[in-house]
Amino acid sequence: MELIKKYDITVLCNPGVESAQLLTPENSRSEKVSVTKVSVMPGAEQPRHKHYTSEQVWVAVQGRGVLLLADDKEVPFEAGDVVRFAEKEIHGLRNMGPEIFEYICISTPPMNFAYAYLQAR
């Protein structure tokens, strides 16, 4: 068993986006999965990007937004929805609602997301 205490959870930050690193290679021995909780402020976005070696599942917990996909495609994404991205698949998110948009991200194999954020706390 492995218990991750809240003081062992790093929060990575970009303007309008916070990513709590719930279970990562830095605070866990897991070799199969990483889990993050991402909060996107109203009007903010995570730009389109891709991961070369991991697939991801996003579970929308709160709010409503738009998935930013390849070829400038946009798809509504709101609380209760689940989406899976294969490795190398372009994805991002824009918060279109008046409240914080939150989702849980499960990545396999695990990832260290520090490269994509400006600050950590």
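Residues numbered from 1 in each chain as written. Predicted model: local features only at pLDDT ≥ 70, side-chain atom pairs only at ≥ 80, totals over all residues. Heavy atoms only, no water.

A. Molecular detail of the sheet that holds strand β6 (residues 64–68). Taken together, the four strands give an open sheet; going across it, the order is β4-β9-β6-β7, and neighbouring strands pair in antiparallel fashion. One side of each edge strand has no neighbouring strand; the edge strands of this open sheet are β4 (45–49) and β7 (74–78). With direction set aside, neighbouring strand axes in the sheet form an average angle of 30°. Across five bridges, the pairing between β6 and β7 is antiparallel. In the sheet register, L67 faces β7, and the bridge partner there is V75. (Pairing = 2+ DSSP bridges. Helix = DSSP H or I, 4+ residues; strand = E, 2+ residues; numbered from the N terminus. Axes fitted to C-alpha atoms, helices over the stretch in contact; angles between N-to-C directions.)

B. Structural view of the side chain of N27. Structurally, the position occupied by N27 is in the loop between β2 (17–23) and β3 (34–40). A polar contact is formed between the side chain of N27 and the backbone oxygen of D8, at a distance of 3.3 Å. At 2.8 Å, the side chain of N27 and the backbone nitrogen of T24 are in polar contact. The contact partners of N27, leaving out residues within four places of it in the chain, are E2, I4, D8, I9, Q21 and L22. (Polar contact = N/O pair within 3.5 Å; in protein donor to acceptor, adjacent residues only side chain to side chain. Contact = heavy atoms within 4.5 Å.)

Distances and angles like these do not, on their own, reveal function.
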